[in-house]
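Okay, here's what each chain looks like letter by letter:
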Amino acid sequence: MMAKNRVKSGGFTGAVSPWWIALTGLFLVVFFVLPIVNNLLNTNDLATLAKQRPMSFYYHKLFFDPYYIRIVFDTVALSVGVTVICIIIGYPVAMFLVRHSGRWSGLVIFLLIAPLLTSIIMRTFGWRVLFARRGLVNDFLLWADILDKPFMFLNSASSAVVGLVHVLVPFMVLSIASVLRSIDLQLEESARILGASRIKTFLRVTFPLSLDGIGTGFIIVFLLANGSFVTLLLLGGGDLKTLPLLIYQQFTISRDFQFAAAMSNVLLAIAVGCLYLQLRLIRRKGVKGAA
Amino acid sequence: MSRSKRWIHSSVVGSALLFSGMGTVSAEEITVTSFGGIWETAITNCYAAEYEKRTGHKANVMIGSPAQWMSQIEANPDNPPIDVIVSTQSQTVAAGEGGLISRATAKEIPNLADVDPLFIGAVDGWGACFDFGAFVIAYNKDTVKNPPTSIKEFVNRTIAGDWVASFPSITYGIMPDIIWSFADLYGGSADNVDPAFEVFKKIKDSGNAIAWASVTDFLNQMSTGDADIGMYWDGRAFSFIDKGNDWMGVVKPTDKAFMSCVAMNKSKGAPDAAWEYLNIVFEPGPMSCFSDYLNYGVTNQKVQYSEKMKDRITFPKDLRAPSTATSRKIAESAADWIERWNKEIGM
Amino acid sequence: MNSRSWYIFKENTPKLSMLLYVVLFFIFLLGPILIVVAISFTETEYVAFPPKGFSLRWYERFFEYDAFVDSFIVSVELAFATAVLGVGLGVPAALAVTRGNVPFANSIMTFLLSPLSMPLIVMGFALLFYLSALGLGVSFLSLLIAHTVISLPYVVRTVAGVYRGISPDFEESAAVLGANRFQIFWNVTLPMIKPGIFAGMLFAMLISIDNLPISFFFGSADTNTLPVVMLSYLEHQFDPSIAAASCIQLIVAVIGLFIVERIYGLDAMTPAS
């Protein structure tokens, strides 16, 4: 019996007092909700040499200046793109892990988790070396005659996308795998016995049943991609800019804290929007509880 | 529960409690800042070590960039995480007027009395610059047989495709000042940087330029051959050559290279122990030590240079340096220029 | 039945193409990491791949460079402290929401898990200014608070997941036999949810050790964590010592994981529970 299934209602609940949540709740309100509210209302007395402007100036910029509209769009587009790629790349691996790895499943899980143990800097650093003008990727592409002159990957969005996919795909695989694991094989067997081909069985039986895992994975990967700036900082080059990267640059270069606050609120709104979507979708499916 | 599990659990809790008490810094320890690469070696060996010798307390050296440090001080004005901040002329003026650093005169830092007044004026009385360097042209002698003699020639030939050149990226902290220097060179000013943007647009569009994100990045690009030539600091280039890289050559441009001088100041909320450190910074002995490492000019007039150094250093009269008013304008406009750069050029 | 067992056998043998795909996938996943390991042994001053020569100089450099060593110690201390605080706050909350008759339990659970969805850079930026206004400034305590906020959901999630799967009959029996709440918790509940606590602590530590967006804002000589120093180094210096630092961090993490594997098995780490 899977731990995910709810304990039947009517079970004994006297062992735990509802007050046990008080301290934690207070902690979160004081150190999680209030800082965000503080940032939203921008009550900080931020004195910089840059002229003090009203916050509306910054929001106007973010929503009406084409350069910034493009950045907000890029932030979301990048997150969605990376998530979709993770689904496509990760699904077969999840299938393999659950159905075909047998004795090796422990090793496969270890290999999936091992990268998560490494510093994100380590992984991004490795890609930076690979994508350099004289790095292995260019060397290979030149050797294979796909390019006749090295391509500046590090100046384009491609290296950032690859870097993000690399960091986030294990999350997707594990999410899908955990749901795939719970699919009753007999359902597939019945379909096959009734004459459906392998592909049809997958499309009509397995895949729909695994949508839950894809959904969970989508949310996790999207939110992580949305907030990431290290990968973009080190791999993104000039072309691709997203909100987290700009917030970082405001703090370390331009020093317009008000602008940074405005950007962080927009980013927050995107995240909250996604969270809201997640709540609507999952509630509709009737699966309650922890994501 | 098995014994091994119990042991691990209690040792985890125990160590957590033990460790959470650690990691505090004593009152006379100070946190000082430095640029990266060989700069950090010099600061650690010439200044931080001297401070520790004289006071018995540690000076922790942090690398980073001035803007970041300024942000950190600004977010914590009463108890800044940084006691001594390194910054360029424009950044020093910004920090001073933003209330982040303390006023420094010969009263607080006795050795300031011997500093060339030019360098005190350069930062409008907010302490003084302690070293200065020129932004010259460094090239690979093997791949660039006929190096340019002026900045304009360098720019024109980059656009024409004579080589692959490397320029600082916009994320490099001193870039706003460099933008000003290009504007100044091409007939503009701090109020009108259009000439600079036009030139850089042409450079970017030529496809013959790459960007260096950090001072070490440039050296890597030159070493691996990613770049054949670029604009770089004279001191750092000479230090690199001294390490055995005699394939690199340096050109002192005839059309006045940009001079950047770097100041060090105490942040407002920092303890008085920082003044002691700053006094060491401006003392002739440690200054010479710094100059030896970095081949930069230093500002205490009592410092004697060797012949080799006199040859290498370009003195202010041959360089392009911003006035105090210009520095202020650069500081005010930096954020706008950065945004404009991101929109128009993006390198 | 022969036909059925043959059928299952056929289903379970991986197709060659799938095997090949998975192998390529893991090369993709592990390649950059192995490259960094290789770079850490290079003799050259600059980052070179393939590495030239073989030298341990960059590992020596790691131990000589105060900032690396100090920040590594801070990272480890912080990870432990975060795990402890996270568990202290997370376990009661998880238990209460799951089975403590808390009103609006689903919403509260969502609330407890919401830090997971927040962009970390926003949290870091917001917390820096907020905690400074409160007077806590840049200190180990601030870092601890910030890291706990983001690690709490992991603890809550794993503990709640495990608790949900345990029948309430045990607790009921203990209550019937006259035990008070504390006794029930200590003697009955706690032993049963230990795997969840352990997994949660592990997640909390992993999240804390590699965290950059939040730790970045709280950087100072005594609160710099290793990722922050490494990023700074990468941005302002960029030499192979970063590769060595990464490898050392990896070794420590692998040792930690090994210990977990020994004690609890890796299944505790997957989100299935």
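Every value quoted in this text rests on a predicted model; they were computed, and no experiment measured them. (Residues numbered from 1 in each chain as written. Chains lettered and ligands numbered in written order. Predicted model: local features only at pLDDT ≥ 70, side-chain atom pairs only at ≥ 80, totals over all residues. Heavy atoms only, no water.)

Draft legend 1. Expanded view of the packing of helix H8 (residues 169–176) of chain C against helix H9 (residues 181–210) of chain C. Residue and element names in this part refer to chain C. One way to put it is that H8 packs onto H9 with a least axis distance of 10 Å and a crossing angle of 165 degrees. When the axis of H8 is compared with that of H9, the two are roughly antiparallel. Considering how the two elements wind past one another, H8 and H9 form a crossing that is right-handed. Along its contact with H8, which presents Phe170, Glu171, Ala174 and Ala175, the element H9 presents Ile184, Val188, Thr189 and Met192. Tallied by class, the residues present in the contact of H8 with H9 amount to six nonpolar, one polar and one charged. (Axes fitted to C-alpha atoms, helices over the stretch in contact; angles between N-to-C directions. Helix = DSSP H or I, 4+ residues; strand = E, 2+ residues; numbered from the N terminus. Parallel < 35°, antiparallel > 145°, perpendicular 65-115°, else oblique. Left-handed = near helix turned anticlockwise from the far one by under 90°. Contact = heavy atoms within 4.5 Å. Nonpolar A, V, L, I, M, F, W, Y, C, P; charged D, E, K, R; others polar.)

Draft legend 2. Structural detail: the interface of chain A and chain B. Between chain A and chain B, the contact holds 23 residues from the first and 28 residues from the second. Carbon and sulfur atoms supply 51% of the area buried between chain A and chain B, which totals about 2,100 Å² over both sides. The interface formed by chain A and chain B holds three salt bridges in total. Between Lys61(A) and Glu339(B) there is a salt bridge; the shortest N-O distance is 3.1 Å. Grouping the constituent residues of the side of chain A that touches chain B by class yields 10 nonpolar, five polar and eight charged. (Buried area = accessible area lost by both parts, 1.4 Å probe. Salt bridge = Lys/Arg side-chain N within 4 Å of Asp/Glu carboxyl O.)

Draft legend 3. Structural detail: the nonpolar core. Counting 178 residues, the largest nonpolar core has Phe68(C), Ile193(C) and Phe218(C) as its most contacted members. By size, the runner-up hydrophobic cluster in this structure holds 119 residues, among which are Ile253(A), Ile101(B), Phe218(B) and Phe258(B). (Core = buried A, V, L, I, M, F, W, Y, C linked by side-chain atoms within 4.5 Å. Buried < 20%, exposed > 50% of the residue type's maximum accessible area, 1.4 Å probe, protein only.)

Draft legend 4. Representation of the side chain of Ser166(B) in the model. Residue and element names in this part refer to chain B. By the secondary structure assignment, Ser166 is in strand E5 (residues 165–168). Of the residues examined, Ser166 reaches a relative accessible area of 0% and is grouped as buried. Within the structure, the side chain of Ser166 is placed 2.6 Å from the side chain of Gln221, a separation counted as a polar contact. (Polar contact = N/O pair within 3.5 Å; in protein donor to acceptor, adjacent residues only side chain to side chain.)

Draft legend 5. Representation of the pattern of salt bridges. Residue and element names in this part refer to chain B. Under the criterion given, the structure shown has 25 salt bridges over all chains. Residues Glu97 and Arg328 are paired through a salt bridge, measuring 2.7 Å at the closest nitrogen-oxygen approach. Linking Glu97 in helix H4 (residues 89–97) with Arg328 in helix H14 (residues 324–344), this pair joins segments that are 231 residues apart in sequence. Among the residues examined, Glu97 registers a relative accessible area of 36% and is labelled partly exposed. With a relative accessible area of 25%, Arg328 lands in the partly exposed category. Put simply, Glu50, Lys53, Arg54 and Glu283 are held in one network by salt bridges that share partners.

Draft legend 6. Here's a closer look at the environment of Glu43(C). All names here are of chain C. Tracing the sequence through the fold places Glu43 in the loop between helix H2 (16–39) and helix H3 (57–64). Residues Glu43 and Trp58, spaced 15 residues apart in sequence, show a C-alpha to C-alpha distance of 8.4 Å. Non-local contacts of Glu43, meaning those with residues more than four positions away in its chain, are made with Lys52, Gly53, Phe54, Ser55 and Arg57.

Draft legend 7. Broad picture of the packing of aromatic side chains. Per the counting criterion, the structure on display carries 61 aromatic pairs over all chains. The structure contains a cluster of three or more aromatic residues connected by ring pairs, namely Phe229(A), Tyr248(A), Phe251(A), Phe257(A), Phe125(C), Phe129(C), Phe216(C) and Phe217(C). Sitting above the plane of the Trp126(B) ring, Arg103(B) keeps its charged end 4.0 Å from the centroid. Across the ring face of Tyr186(B), the terminal group of Lys152(B) is positioned such that the distance to the ring centre comes to 5.1 Å. (Phe/Tyr/Trp six-rings, centres within 6.5 Å; stacked < 30°, edge-to-face > 60°. Lys NZ or Arg CZ within 6 Å of the ring centre and 35° of its normal.)

Draft legend 8. Fine view of a nonpolar patch on the surface. Residues and elements named next belong to chain C. Nonpolar side chains collect at one region of the surface, where Leu16, Leu19, Leu20, Val23, Leu24 and Ile27 lie side by side and expose about 610 Å² of accessible area between them. Mapped onto the elements of the fold, Leu16 is located in helix H2. Residue classification places Leu16 among the exposed residues on the basis of a relative accessible area of 69%. (Patch = residues over 30% accessible without salt bridge, like charges linked within 9 Å, V, L, I, M, F, W, Y side chains within 5 Å. Areas by Shrake-Rupley, 256 points an atom, 1.4 Å probe, with all protein chains shown as cover.)

Draft legend 9. Quick peek at the interface of chain C and chain A. Taken residue by residue, the interface counts 102 residues in chain C and 99 residues in chain A. Each partner contributes to the roughly 9,400 Å² buried at the junction of chain C and chain A, and carbon and sulfur atoms together form 77% of this total. Viewed at the interface, chain A and chain C are joined by one salt bridge. The residue Asp210(C) makes a salt bridge to Arg123(A) at a minimum N-O spacing of 3.7 Å. Looking at the side of chain C that touches chain A, its residues break down into 75 nonpolar, 14 polar and 13 charged.

Draft legend 10. The arrangement of unusual backbone geometry in detail. Residues and elements named next belong to chain A. For Asp145, which is not glycine, the phi dihedral falls at a positive 65 degrees. Relative to the elements of secondary structure, Asp145 occurs in the loop between helix H6 (136–143) and helix H7 (157–180). The backbone phi angle of Arg255 is positive, close to 60 degrees, even though this residue is not glycine. Along the chain, Arg255 falls in the loop between helix H11 (243–254) and helix H12 (257–285).

Draft legend 11. Fine view of the confidence of the model for chain C. Residues and elements named next belong to chain C. Confidence in the prediction of chain C, expressed as mean pLDDT, is 84, and 91% of residues score 70 or more. Every residue in residues 268–273 scores below 50 in pLDDT, and together they form 12 contacts with partners more than four places removed in sequence or on other chains. Here the prediction assigns the complex a pTM of 0.85, and the interface score ipTM is 0.83. (pLDDT = per-residue confidence, 0-100.)

Draft legend 12. Layout of H9(C). Residue and element names in this part refer to chain C. Its 30 residues give H9 an end-to-end C-alpha distance of only 38 Å, which falls more than 12% under 44 Å, the value for a rise of 1.5 Å per residue. Leu190 marks where H9 bends most, by close to 55 degrees; the proline Pro191 follows one to four residues later. Its side-chain oxygen at 3.1 Å from the backbone nitrogen of Phe182, Asn180 defines the N-terminal cap of H9. (Expected span 1.5 Å × (residues − 1). Bend = angle between axes of the 7 residues up to and from the residue.)

Draft legend 13. Structural detail: the state of the cysteines. All names here are of chain B. Counted according to the given criterion, the structure contains two disulfides over all chains. Residue pairing for Cys46: its cysteine sulfur links by disulfide to Cys289, the two sulfurs lying 2.0 Å apart. Around the S-S axis, the bridge from Cys46 to Cys289 shows a dihedral of about -75 degrees and counts as left-handed. With Cys46 in helix H2 (residues 38–55) and Cys289 in helix H12 (residues 284–294), the pair connects residues that are 243 residues apart, well separated along the chain. (Disulfide = S-S within 2.5 Å.)

Draft legend 14. Representation of the domain arrangement of chain B. All names here are of chain B. Splitting chain B by domain gives domain 1 (30–132 + 260–317) and domain 2 (134–258 + 331–344). Using C-alpha coordinates to define each centre, domain 1 is positioned 25 Å away from domain 2. Contacts between the two partners involve 20 residues from domain 1 and, on the opposite side, 17 residues from domain 2. Taking both sides of the interface into account, the surface hidden between domain 1 and domain 2 amounts to around 1,600 Å²; carbon and sulfur atoms contribute 50%. Its largest share of buried area at the contact with domain 2, domain 1 owes to Ser260, Tyr296 and Arg312, together 34% of the area lost on that side. In this structure, the connection of domain 1 to domain 2 is made through two salt bridges. Of the charged contacts, one joins Asp242 and Arg312 as a salt bridge, the two residues approaching to 2.9 Å between their closest N and O atoms. Summed over the shared surface of domain 1 and domain 2, the number is eight residue pairs in polar contact (both at pLDDT 80 or more). If you list the elements that add at least two residues to the side of domain 1 that touches domain 2, you get H2, H4, H12 and helix H13 (307–312). In terms of residue class, the side of domain 1 that touches domain 2 is built from eight nonpolar, eight polar and four charged. (Domains from an automatic or database assignment.)

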